[in-house]
Amino acid sequence: MIEVHELYKVFGNNIAVNGISFTVHDGEIYGLLGPNGSGKSTTMKILAGILKPTKGRALIEGVEVVKDPIKVKEIVGYVPETPTLYESLTPSELFDLVGKIRKLPREELEERVNYFVKAFGVEEYLDQFIGTLSFGTQQKVSLITALLHDPKVLILDEAMNGLDPKSARILRELLLEFKKEGKSILFSTHVLPLAEMICDRIGVIYQGKIIAEGTIEELKEKAHEENLEDVFLKLTESKDEILTVVQALKEAL
Amino acid sequence: MRRLFEIVRILYRELHYQIVKRNPLVANDEKRFKKQLKNALSIKRNLALQSLAFIFFGIFMASGIILSDNKIVISSLAVSLALVPFIFSLYVTAVQSSYVVSLGLFEPLKSLPIRVGALYLSELLLIDISVSLSIVLPSAIVLLIKFPINGLLFLLWVLVGILAGHSIGLLIFSLFGLRIAHRKTRGQMLKNLFKILGLFAFMSMFYALSYLQEYISKNSEKFASFFGKYIVAYPFSVASIFEPSKSLVFLTGYFIGISILYYFSISKVWKEILEPKITSEKGKAEGFKSSFGGTIFALTLKDLRVIFRKTSMLTGFLVPIYFVFPQLFIALRSGNLSKEQVFGLLFLIGLFSTSGADAILKVEGKEMDFLRTLPISKGQFILSKAFSMSLIPMILASLILGLGTYFDSATLYLIPYVVLLPLNVSLLTMLLLFRYKGKEIGIPEINFGEVLALFLVNSVLLAFIGIPAFIINAPKGLAISYAIALLSLFLMLKKIKG
């Protein structure tokens, strides 16, 4: 379970996260949606134990992220929006490194790597240096490193970025399977139909605050809109702005 | 020209922003972070502060020239002094360029219509390199006052030395630092070995030059009279400053040669940054097989893999060779390598292990963000870095011990030093660099003033270890020395675990 209470993160004069609270239960996929710069990635980094919050509490399976970030990292599988992997290592070497750091028994590590590598079609790239792989393949490698230790909690920051349709579908199915196993999954994406398809609940974050939260149906009802995209645009006050910009563009052209 | 400075200023700010961002000493302290950032982004302030750290060292080194009027003594001092900025320049260029490119600083420039973007890299590095001038500046000023023309020649030699180190560093980087192998193959190890040998050849080319000159002088009377008593290889050539006309000829020759090398290297670097050469080899992926070992071993192995694959980073670890080689040559020329000489060389290697700290921390560029997602404790990280840092000096030390044992089998008794000295120095260096509170891992910022301070602290540690062996007869003296080294290792390991 992920519990977030009145979380703040301030960078200089910029309040990136402004007192947000939410909970992701066991066996739940929670979608964190928001425009660029709304504070999604910062929140996720705090929950993954990478960034310290300025104020507030966050607990992962009952462990305080500020007090014991290493324990949190043992529990969590985190995929950042852009993979920053060692370019001069091969995926094989990277998986081995991660397996050793996560203290996975050799047989288990080999079994899990071979399973995910096959699932995401990375087999032929195992001995190729990461720096020579495409962005999509690097993203798959990054995903596999986050899944190796069978994490109880998954934090995926736009993890579908760069994935081909087949791999995206596989990841989607995997997430639904993980949900059945009782894992807590925090998921951010700009692909709203995808969020609509897999998320049990959604939190819309805007200017560092959660401005709406609920199931898809609850949000649609609240915003009086038919689909999630319209709900999102309305809540983030973008709908009228889009119309104005499009009109201005048309006139200019 | 204005555009050049403007872009270099932006690159400098970005580089130092990235360094400060990953520095755990300040990253989680809002006030310190802002203050540090403000300081780090100012070129003038940085230059002034680092130069200040060096200038004291420079004044100390100038004292010899102040106190002496003997031209032979001054010439020898000038030779030693001229070596420092040259090595500094070579080291900073080879290691820092690899780091700068791995941080992705040049990615935004790739799409712009720039002919030789590596000029920006060169200028960026020269900002850091210029600091080394403050080591020789006090001596140069004294010389300029005492012997104006000779002083001016000395200064020109130093500048040429800096340019030489920088050009060779760029060439090493373009030859070894930017080529990307497509696939890991069985022949990779052999290739890496050849790359290292190539690097050795580059670094020892100045020694090779002196031998070439010796050979030419012996075989040609005409050349022998021209070279006279001077060795043409830099930095020995600096000794010619008291024969201005000869010195000027050498200097002009060097300047022309190095300018050509600089132009060639800079074009090659940019070409390879734009389109890194991918050496593709046929091979079939083998299935994943996990290896043995724990977290620290895995982290150390990762460091070594990165260093050996980005060979230009190896330069940072080969600095001890520059200081050990002359002494080794002198010793071997006499046809013997005594136990006492090996003892001295092992301590020298131990001390110069310090210079690997900067390079080993630079293995992590933006990849640090990945490492921070994993459950690695600060203690594990410190230990792995200390092991990675000490491995190459250990190999070097064992080679020298082997050579010494060939001449005198009693030298074998010094074998514990091969491991104990580099490890002690590496652990103390890492403990001091990672002195921040908190458990998270990061990359502490390391400036050249700090490197000097580390050298000083490590000298004290090595003195404690070495003095008993020096003043008490063997085997008792050696046994006490080993016991002190083991005790200090034990205490440091305890501190890391605590």
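Residue positions are given per chain, counting from 1 as you read along its sequence in written order. Going through the entries in the order they are written, you letter the chains from A and number the ligands from 1. Local features in this predicted model are restricted to residues whose pLDDT is 70 or higher, and side-chain atom pairs enter the listing and the counts only when it is 80 or higher, whereas totals over whole chains, interfaces and linings include all residues. Excluded from the side-chain calculation are hydrogens and water; included are all heavy atoms of the structure.

**Q** Would you mind going over empty space enclosed by the protein in detail, with residue names and values included?
**A** A cavity here means a set of 1 Å grid points, computed over protein atoms only, where a 1.4 Å probe fits but cannot escape. A pocket is an open set with protein on both sides within 12 Å along at least 5 of 7 lines, and lining residues have an atom within 4 Å of a point. Grid points are joined across faces, edges and corners, and a volume is the space filled by probe spheres set on the points. With the rule as written, the count across this model stands at 3 cavities of 30 Å³ or more. Here the largest cavity defines a volume of roughly 110 Å³. Taken together, 13 residues form the lining of the largest cavity, with G49, I50, L51, K52 and P69 of chain A sitting closest to its centre. The classification used treats Ala, Val, Leu, Ile, Met, Phe, Trp, Tyr, Cys and Pro as nonpolar, Asp, Glu, Lys and Arg as charged, and all other residues, Gly among them, as polar. Its residues assigned to classes, the lining of the largest cavity shows 7 nonpolar, 2 polar and 4 charged. Here the second largest cavity is characterised by a volume of approximately 80 Å³. As for the second largest cavity, its lining consists of Y78, P80, P83, T84, L85, R102, S142, T145 and A146 of chain A together with F370, T373 and L374 of chain B.

**Q** Quick rundown of unusual backbone geometry? Include the residues and the values.
**A** Residue and element names in this part refer to chain A. The phi torsion at E61 lies on the positive side, around 50°, for a residue other than glycine. Strands are runs of DSSP state E lasting at least two residues, helices are runs of H or I lasting at least four, and both sets are numbered from the N terminus onward. Note that E61 resides in the loop between β4 (55–60) and β5 (63–64). For E61, a relative accessible area of 31% gives the class partly exposed. Despite not being glycine, K103 shows a phi value in the positive range, around 55°. Between buried and exposed lies partly exposed: a residue is buried under 20% and exposed over 50% of the maximum accessible area for its type, with that area taken using a 1.4 Å probe on protein chains only.

**Q** Would you mind going over the sheet that holds strand β1 (residues 2–11) of chain A in detail, with residue names and values included?
**A** Here we have 4 strands laid out as an open sheet, ordered β2-β1-β4-β5 (chain A), and antiparallel in their pairing. Only two strands of the sheet have a single neighbouring strand rather than two, namely β2 (14–24) and β5 of chain A. At least two bridges found by DSSP between two strands is the condition for calling them paired.

**Q** I'd like to hear about helix α1 (residues 40–47) of chain A, residue by residue, with values.
**A** Residues three or four positions apart in an α-helix share a direction because the helix packs 3.6 residues into each turn. Residues and elements named next belong to chain A. Of all 8 residues making up α1, 7 are buried, and the element is well covered by its neighbours. Among the residues making up α1, those that are buried are K40, S41, T42, T43, M44, I46 and L47. Downstream of α1 by one or two residues, G49 has phi in the positive range, about 80°.

Geometry only, nothing functional implied.
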